[in-house]
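This is what each chain is made of:
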Amino acid sequence: MGHLKLEILCLVVGSVVALLALNIDSALANTGSNADEEGGPVFVKEPPSKVDFSNSTGAEIPCQSRGTPQPEIIWLRGDGTAVGDVPGLRQVLASGALVFPPFRAEDYRQEVHSATYICLARNSIGTIHSRDVHVRAVVTQVYDTHGDQEYIIKGNSATIRCKIPSFIADYLDVVSWHDSDGNVYKLDNRGVFEDGKFVVLPSGELHIKDVRPEDGFKEYRCQTKHRLTGETRLSASAGKLVITDPQGSTAPRLSGDTQISGFARMGMKGSTFGLICPSQSFPPGIFKWYKFTDGSSRQPVQLDDRLKQLGGTLIIREAKVEDSGKYLCVVSNSVGEESVETVLTVTAPLAATVEPAVQTVDFGRPATFTCHYQGSPVKNITWMKNGKRLPQTEAVIRIDAVRREDRGMFQCFVRNDQDSAQSTAELKLGGRFDPPRLTFKFREEVLQPGPKVSLKCKATGNPSPEIVWELDSKKVTNADRVQVGQFVGENGEVVSHVNITNVHSNDGGVYRCTAISKVGSATHTGRLNIHGLPHVKSMDKAQVVAGSGMVKTCPVAGYPIDAVIWEKDNRVLPINRRQSVFPNGTLVIDNVQRNMDQGTYTCVARNAQGYTSRGNLEVQVMESPRIVPFSFGPGEEALNAGTHATLQCSVDQGDMPLSLQWIFHGKELSSQMGIETAKFGKRTNMLTIESLAPFHAGNYTCTATNAAGVANYTTTLKVNVPPRWIVEPTDRAFAQGSDAKIECKSDGFPKPSVAWKKAAGDGPMDYRDLKGSAPGMRVEDGNLVISAIPKQAEGYYLCEANNGIGAGLSAVIYISVQAPPQFEIKFRNQTARKGEPAVLQCEAKGEKPIGILWSRDGKRLDPKPDPRYTIREEILSNGVLSDLSVKRSERTDSALFTCVATNAFGSDETSLNLIVQEPPEVPFGLKVLDKSGRSVQLQWSESFSGNSPITRFYIEYKMSKSDWNSGKDRVLVPGSQTMASVYNLRPATTYHLRLVAENEVGTSEASQSVTIITAEEAPSGPPTGIAVEPVDQHTLKVTWKPPLREEWNGDIMGYYVGYKLASSDKPYLFETVEFSREVGKEHHLMISNLKTYTEYSVVVQAFNRIGPGPMSKEVAQHTAEGKPDHAPQDISCTTLTSQSIRVSWTSPPLASANGVIKGYKVIFGPASSWYDEKTKEIKATPSSEIILHGLKKYTNYNMTILAYTNGGDGIPSTAVSCHTEQDVPGPPTAVKASVMSGDAILLSWQPPSQPNGVVTQYTVYQRTVEPKESEATSQKIPSFQTTYEISGLKRKERYEFWVTAHTAIGEGQPSKSATTSPSNKVPAKIASFAEKIVATHRDEVKLPCQAVGVPAPEIKWKVKGQMLTQSNRLRVLPDGSLLIKEVTRKDAGDYACKAENSNGHDTIMHTLVVQAPPQPPSISLAGATGTAITVRLKSPSDSAPLHGLTIHYKQDFGEWEATQIPPNMSEYTLEGLNCGTRYQIYATSYNSIGTGEASDILNTRTKGQKPGVPSAHKFIEVSQNSVTLHLSSWDDGGCPMLYFVVEYKARHQSDGWTMVSNSVKPSGNYVVLDLSPATWYQLRVTAHNNVGFTQAEFEFATLTLNGNQVGPARTNDNGRGLLLEVFPWLPEWVDYNMIVAGCAMIVIIVVGLAVICIAVSRRNRGPESFRLRDEGLYAQPDMRGMTLKREFRDELGYIAPPNRKLPPVPGSNYSTCDRHKKGMNHPTWNGRRPAAATGVPHTYEELANGGGGIYYDDHPPVPPHAHSDDSSLYSKPPNGVPGQDEEICPYATFHLLGFREEMDPSKGSNGLTLPHGSTTLPPPGHGHHRGGSQSAPRGSNTTRYGRGPVGSGVVSSVAGGGTVGPNGIINPPNHVFSPEYDDPANIEDEYGYNSPNRRGSLGRRSMGSMRTVPIPESPSPPPPPPRPSDSPNSTPSHSQMNQSNDSKESNELSEAECDRDPLIRNRNSVSGGAPGNMSTEEMRRLIENRNQNEAHSIPNGLTPYDTVNV
């Protein structure tokens, strides 16, 4: 019954299985039918190769493909990574399109908007890639276009360009040009516009032919169109033509850099191109275009409708690829020729097609794909298969035998630099190629032992597969109980069974059925489980190749199995990462290693009952062979035939035994090939070829085989075979005019190249290329072909065959051409010099013999009658040469000679015209017609030509410093001209020129030379050696050297240094630098006020009098790094633990970094002491995150972050706070146990000093320690309670107490323990602790004092040692605490609390600290500069620590500003203040309580004043057309100059000023240009600084054209106009010249009489001391109240000393010249110090330092005129010869003639010099002074006036209102007195007597003379007139200095003249000299005060004042 049920069950199962099999078969059939329709992906819409779009429009790039199944679209980057969506910037649509939405400019991302993308399409068949898609987004920017300015010579063609900014140039097209007359020149649809005169080229240039003057009046604007946005706009500025008339003949000259670099053009096929040839010349040149055909030869461009030439421009329409190449434009005129090359590249769009598109190939058959491509240029070809790169780079890809893995999609890509294209093809497997497929598979089963089992598999395939069965990787074969069967069913299926009867447990295991055919295999694996005990089957030895993987499944039978493990060496696997053991018993070992993995492995199977079975597996690890690489030579170079070759194949790794075999082209080597192999040992095989032959070339493969595998290595042998003849050429003869062909063929490897050459001469040598040898001669396939062979083709020919191997082959043949006699030249002229022999030759070529006859003037010539004639013949290889010799040629020999040649084939004749000639005579009349900076035009007269036309003239020229032999240059002039120009001269250079004539005979002698100097031009070269270095964050230092000397073109006046931001398109900002005359000196300029760490571009250009030269190349440099302007952003902190915090941030904006950020500094500290810098810590890190460790627990931390660069630390960020986490607290600080009674104790404690969090509770512990210890008990106490009463204690026991604190984290450490015992006797005890209590000002404070005791103790308080007196503010609370209300500073101190009862007492001491706002600080001035004030701060000490100070400041009428500083800073500098401004400053302090009171206000000011006016000759430097202003000569007054305002006008111009600039930078020089030569101008300059401005006016005259100065302006009416203004009543007939002469005569007579009278009266009358002596002293009478007339002052102004020496004054202490020379220097004593006041015996004391306008030191201010090199008062005479004045030494005392010791000492004071208006004596010491100019009285006004050079053309305006006119006279302001010269009180100030730099030479010497005091109402005396001998360029002091040598009597100085007047010693002194710091005004007031008290000291009421010149 059981068997029946089992059979029924088997039938049911079989039916189900059959039904399932049927369904599976039908499903597979359907699948097979669908598979036939499958197809790989193909692009339907492929994205373009280039996508440009605007950020305002966005773009969508489509990508669509088809295929079965439908392909998936994926977008990739250029590097192969997938592209995802970027919100708002990039999106991939479901349709496959890649979308770039419009975006803002600030959202631009380069990796998104400027990248290469690839569209990928894939399905189950394969994968394809699109072409590379180059995406570029263009951000809309503001731009302007500009028309160019073109300089052109009249009559030439001009090209105006449209200047487009570089960042937009790729997207703008020029569509039209518009002129100012309204004409529009618009490009047509072919990309060009042509209108006769105007042509618009495709590249956008406007070409204007035959330029005329009227074209220069128009303006031309270009109109552009944006290709992406469609926007059109006209150029912002118009282009213009600057047309110049031709200056003589000019050779063609190319514009710009064309002559160096040429042009390059590139464009698409079908476009229109315009090749320009920009050239200028006169006469206008002729343009010819050529194209290079084979790299070197050029052919004229053939013009047609498609190729047209418009002027010099070649227009190519509908360009073709073959139009690409190199073009040459040649332009020439009668003067010269020039050329330029243009390379044209015409590109065509790339396209590719792969054929066949779909290819179905059977297994093992070959397949070929061919890539056909179009377009130009093609850079490379690549192949891909299923999206992966293949190594093939050829257009054809071949597969020798198709395998299954070859199925898929193939793609061919062609690329160049701009474009790419691809095509797709699919390789399918053919119908006969159907790999096996399992259609039915057995299933896993679990069975009991005993029944039978049948396992079945079905398979299909073509060819029919065979099914193999395996059990546990061992093949199943037929056995007693096992039968394996297989048959083919009706539908072609292969059915296979495994039948097992009476199945055992050992039959269980893993069964595998495998269907195998030659085209593939299919496998199914399943497990059959049979119940039974575990059993591990035996396992065969496993051999594994080293480096591979091993997979072994343990063959386990039995069921169920609980676990299967593997062991090795009694260790359970895995034991390393390479081993893996799976639950099904599979062992996997990766990368098997012999030394580690070889051995015995044990498989252990175990069931749940613990029964195990073990089986061993032996694993042997084998190594496959490895061949050492080899080759026939380095780099696989080819070997020559006949040489020896060897190859060694060595195996360095692999198990033995080894088999080595050589294979040649896939076949074993044959000994017949001459190849031998030999083994060397077991691992090496040597291949030897004794003599290489061509058939030895090929691939040689060495194969190494062992049990583990096979290794191959292949190398290629290339054999070079020298050429060998196939057809060798031989001599040939041809009839003239026939076609000739000579064969020359050879063979060899590489294939030889055949070349023909022809001998240049008659012999077989000097062979040259055939090019140009004869028309119709060419080489075809190595054969020489000559069509219609001419006679000139006769000669020796060389045929060469060469392939680089050996010497090659060559054959020399002779080709003869049979022809009648022939003369190559039918007629020629021959010249001979008179008196010299002449030889007439005629050479006839042809077949010999040839006869020659001579005739003269038609008559046969017989040499016998005239012995001067001789005929000689010479037989040549190709004809006959006949010579007719004439001895001593005479003029009569000029005749026509005829030579007749005759042979068998015909005759020919030639004529020779003999002319006897002489060299020409010397040209004469050479003269200069015109000259410029670089050219000169000459004219001359032609001389006798010598019976021969003058062929040419040579203009020889040289520089003046060169000689005619080595330094001359030549200019060739046609002989027909007698006028020519010499060009390419150097400007501003002297040249010598002469002329030489030449005819065919010779040259004449050189003519007399002429000398010229070329005009100046602007420099033609830029400065050299330009370097830019950063100085600091805002300054760059520019250094350079002058241009090359030959490029100066004149004298360099200075340089313009331009600078701008490197990224800016704005023009340069220029500064002017003066030229340094020092040879080789490097110039420099500091450019300041620049941006920090910013790249600037700097250019330098030199300028001379004509103008600026070219700019140098840009030099870019960064300024130095600065500090970051912004703090790091997005600062966040995160608490990690109780002692660590993580802080993170982001970098500050890049624009604010001011450099490269090196790292960041984190400044952190507790927030409670953040004000204290000592509590802060700093950590530096290069990253944007840091973890701070070691922090305080449960503490609030502040932290700021700053970035730092090489320039320093940046701005710190705003502080952020972060709190560390809580932790367990520390122990309570102190514990007290106070006895309350016999059973109670009060326990008190203080909170922990380190709570480390919020204390949540306390735990009180107690235990008994005596008499015995007990367990501790605890009690929880709330956190607010710090006392605890413990009751129920026993008196006799001793207790121990301690306390712990708790936080949310846990319980802290225990406090110190307190022990005590309860007692009935309870003394007073205070449970509270002594504390330092900090209270805030005006707050309420409670001082605790909790006491216990029995009886209750009495509480007493002491305040600062005194018993407390209670009040409403201070009172004791019931609990004993002391309450203080409204605490003040006075309450601070010690508070003692005492508790006392009858049993004892206790005391604690509290310290009260009261914190209040700080006391006001003190502030004082520490120093000041022009822009900063330094204050000194002092803060009083206080109880509360200061957090900082605040400084408040403001300028007058300004707003208050404040800045905070740390509390420990004692000085602080306020910077960035205005110069010369008054400020108010005060300070306040602040702490945690608040801000204290303010300090006193400090009133101070910064230093500085308004600018000071310089002297005119320092400030102004004039030239012909410009004036250079030396701005650095202005005194800035201590404040930086802001800017200058420069204005000018002509001197007589009545209208307003011309503004040059109102913002001139203060550094360097400034040049005012466009002035007229030899013209007087007025200049007004206003200098501004922070204090104010100063305005000054100057007059100057520009130089003449010759560089000379202009004299003072004079009128043409000889003063008539001025005279009529004064005397309008004069009649017209009056002769004004006579009136002036008569008046002058009258004045001279009156002055002369007055002088005589005064002299006589002084000699005879008046005080003796005032009488004039013989020594030359004039006495001055009492003239009180009168002013000495000017005539007398002039008359008395100079007294020549006698020509004698005087001895030194005995006993005097002075320093003379001789003593100076001998080194005996005595001090110079100060005569101003009164002897009475100092007590010193001498009235002269050593000069001491002083101030306030009186300078006693060695460095007084030098007067303006003392600095000039040419007008210094102390300079040598003009002739350079030192005069006698140089005997006067500085710092020497002098004795003046007329003031000898015999003068009355009591009257010595009369020799003093005082200011006008003084009535008393001045301080002693001013008896006389040396002056550089004549003295004049000074008024009471103390203002000084500068002096300007007289006659120099410069007039200075001076402060106070006075001016110095061009004639040297000072025009005074509206004051009572005029300015004076030689104020004795200030003479050292004005003339720098104490200056160590002044010379010993003095122009004049003066001493005091007596003058009357002028009445205030009287007019002040005028200044001295200029000397008549003053030169126009000399200053007054200079002219006077020269006149010091005018006296013929004063030829030397006596030593006495160097002595100071000793009489001053005994003068009455005035007590108390003027202090050294007095100003002139203070001294004047002091003298006036003394005048009132000491007027009686002036005898006769006279005021000695003036000086006498010596």
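All values derive from a computational prediction rather than experimental measurement.

**Points about the overall build of the protein**
On a plain count of helices and strands, the protein comes out with 13 helices and 145 strands. Taking all 2006 residues of the protein together, 45% fall into the buried category. Long-range contacts, defined as pairs at least 24 residues apart, comprise 66% of the intrachain contacts of the protein with a sequence gap of at least 6.

**Considering a nonpolar patch on the surface**
Taken together, the side chains of Met1641, Ile1645, Leu1649, Ile1652 and Val1656 define a hydrophobic patch exposed on the protein surface, amounting to about 490 Å² of accessible area. Position of isoleucine 1652 among the secondary structure elements: in helix H7 (residues 1632–1660). Judged by relative accessible area, isoleucine 1652 falls into the exposed class, the value being 52%.

**Quick word on the sheet that holds strand E73 (residues 767–769)**
Strand order in the open sheet formed by five strands is E69-E77-E76-E72-E73, and the pairing between neighbours is mixed. Strands with a single pairing partner mark the edges of an open sheet, and in this sheet they are strand E69 (732–735) and E73. Adjacent strand axes in the sheet meet at a mean angle of 35 degrees when their direction is disregarded. Judged from the six bridges that link them, strand E72 (residues 753–759) and strand E76 (residues 795–802) form a sheet pairing that is antiparallel.

**Observations regarding the sheet that holds strand E85 (residues 906–917)**
What the five strands build is an open sheet, ordered E78-E85-E84-E80-E81; its pairing is mixed. Among the strands making up the open sheet, the edge pair consists of strand E78 (827–833) and strand E81 (859–860). The pairing of E78 with E85 spans seven bridges and is parallel. Residue pairing across strands places phenylalanine 827 opposite serine 911, the latter belonging to E85.

**Topic: the side chain of aspartate 215**
Locating aspartate 215 in the fold gives a position in the loop between strand E19 (206–208) and strand E20 (220–226). Relative accessible area serves as the criterion here: at 3%, aspartate 215 is assigned to the buried category. A polar side-chain atom of aspartate 215 sits 3.1 Å from a polar atom in the side chain of lysine 197. Among all residues touching aspartate 215, those that are not within four sequence positions of it are Lys197, Ile208, Asp210, Tyr220, Leu241 and Ile243.

**Let's talk about the packing of aromatic side chains**
Taken as a whole, this structure holds 30 aromatic pairs when the rule is applied. Ring centres 5.4 Å apart and planes at 70 degrees place the aromatic pair tryptophan 1040 and tyrosine 1055 in the edge-to-face group. Residue tryptophan 1040 is located in strand E94 (residues 1035–1041), and its partner tyrosine 1055 is located in strand E95 (residues 1052–1061); the two are separated by 15 residues in the primary sequence. Since its relative accessible area comes to 0%, tryptophan 1040 is described here as buried. Given the relative accessible area of 0%, tyrosine 1055 is considered buried.

**Structural notes on the pattern of salt bridges**
Counting across every chain of the model gives 61 salt bridges. A salt bridge links aspartate 507 to arginine 481; its shortest N-O distance comes to 2.7 Å. Within this pair, whereas aspartate 507 is found in the loop between strand E46 (494–500) and strand E47 (509–517), its partner arginine 481 is found in the loop between strand E44 (474–475) and strand E45 (482–488), the two being separated by 26 residues in sequence. The residue lysine 968 makes a salt bridge to glutamate 956 at a minimum N-O spacing of 3.3 Å. With lysine 968 in the loop between strand E88 (952–959) and strand E89 (969–974) and glutamate 956 in strand E88, this pair connects stretches of sequence that are 12 residues apart. Lysine 968 gets classed as partly exposed once you look at its relative accessible area, which sits at 30%. Judged by its relative accessible area of 2%, glutamate 956 is buried. Several salt bridges converge on common partners, so that one network encompasses Lys50, Asp52, Arg136 and Asp170.

**Focus on the pairing of strand E77 (residues 809–818)**
The sheet contact formed by E69 and E77 spans four bridges and is parallel. If you follow alanine 735 over to E77, its bridge partner there is glutamine 818. Pairing of E76 with E77 involves seven bridges; the strand directions are antiparallel. Bridge pairing in E77 links alanine 801 to leucine 809.

**Notes on the pairing of strand E37 (residues 396–399)**
Residues Ile397 and Ile399 line the buried face of E37, whereas the alternating positions Val396 and Arg398 sit on a face that is not buried. Alignment of strand E34 (residues 367–376) against E37, held across four bridges, turns out to be antiparallel. Across the sheet, the residue bridging to threonine 370 is valine 396, located in E37.

**Considerations on the environment of glycine 84**
On the secondary structure map, glycine 84 appears in the loop between strand E5 (72–77) and strand E6 (91–92). For the pair glycine 84 and isoleucine 74, spaced 10 residues apart in sequence, the C-alpha separation works out to 9.5 Å.

**Comments concerning the side chain of asparagine 903**
Relative to the elements of secondary structure, asparagine 903 occurs in strand E84 (residues 895–903). On the basis of relative accessibility, which here comes to 11%, the residue asparagine 903 falls in the buried class. Aside from chain neighbours lying at most four places away, what touches asparagine 903 is Ala819, Pro820, Pro821, Gly846, Glu847, Pro849 and Ile850.

**Side note on the state of the cysteines**
Tallied over the entire structure, the rule returns 11 disulfides. One disulfide bridge connects cysteine 457 with cysteine 513, the sulfur atoms lying 2.1 Å from each other. Around the S-S axis, the bridge from cysteine 457 to cysteine 513 shows a dihedral of about -75 degrees and counts as left-handed. Of this pair, cysteine 457 sits in strand E42 (residues 453–462) while cysteine 513 sits in strand E47, and the two are 56 residues apart along the sequence.

**What to know about unusual backbone geometry**
As a rule of thumb, non-glycine residues mostly have phi less than zero, and peptide bonds are mostly trans rather than cis. Here the residue pair threonine 68 and proline 69 is connected by a cis peptide bond, since its omega of 0 degrees sits within 30 degrees of zero. Relative to the helices and strands, proline 69 resides in the loop between strand E4 (64–68) and E5. Positive phi, close to 60 degrees, is recorded for aspartate 569, a residue that is not glycine. Looking at where aspartate 569 falls in the secondary structure, it is placed in the loop between strand E53 (563–568) and strand E54 (571–572). A positive phi angle, near 60 degrees, is found at asparagine 984, a position not held by glycine.

**A word on the confidence of the model for the protein**
Counting all residues, the mean pLDDT for the protein is 79, and 78% of those residues have values of 70 or more. Confidence over residues 257–262 falls short of pLDDT 50; this stretch has seven contacts with residues more than four positions distant or in other chains. Considering only residues more than four positions removed or in separate chains, one finds that residues 1986–2006, a stretch of pLDDT under 50, has 90 contacts.

Calculation notes
- Residues numbered from 1 in each chain as written.
- Predicted model: local features only at pLDDT ≥ 70, side-chain atom pairs only at ≥ 80, totals over all residues.
- Heavy atoms only, no water.
- Helix = DSSP H or I, 4+ residues; strand = E, 2+ residues; numbered from the N terminus.
- Buried < 20%, exposed > 50% of the residue type's maximum accessible area, 1.4 Å probe, protein only.
- Contact = heavy atoms within 4.5 Å.
- Patch = residues over 30% accessible without salt bridge, like charges linked within 9 Å, V, L, I, M, F, W, Y side chains within 5 Å.
- Areas by Shrake-Rupley, 256 points an atom, 1.4 Å probe, with all protein chains shown as cover.
- Salt bridge = Lys/Arg side-chain N within 4 Å of Asp/Glu carboxyl O.
- Pairing = 2+ DSSP bridges.
- Axes fitted to C-alpha atoms, helices over the stretch in contact; angles between N-to-C directions.
- Polar contact = N/O pair within 3.5 Å; in protein donor to acceptor, adjacent residues only side chain to side chain.
- Phe/Tyr/Trp six-rings, centres within 6.5 Å; stacked < 30°, edge-to-face > 60°.
- Disulfide = S-S within 2.5 Å.
- pLDDT = per-residue confidence, 0-100.

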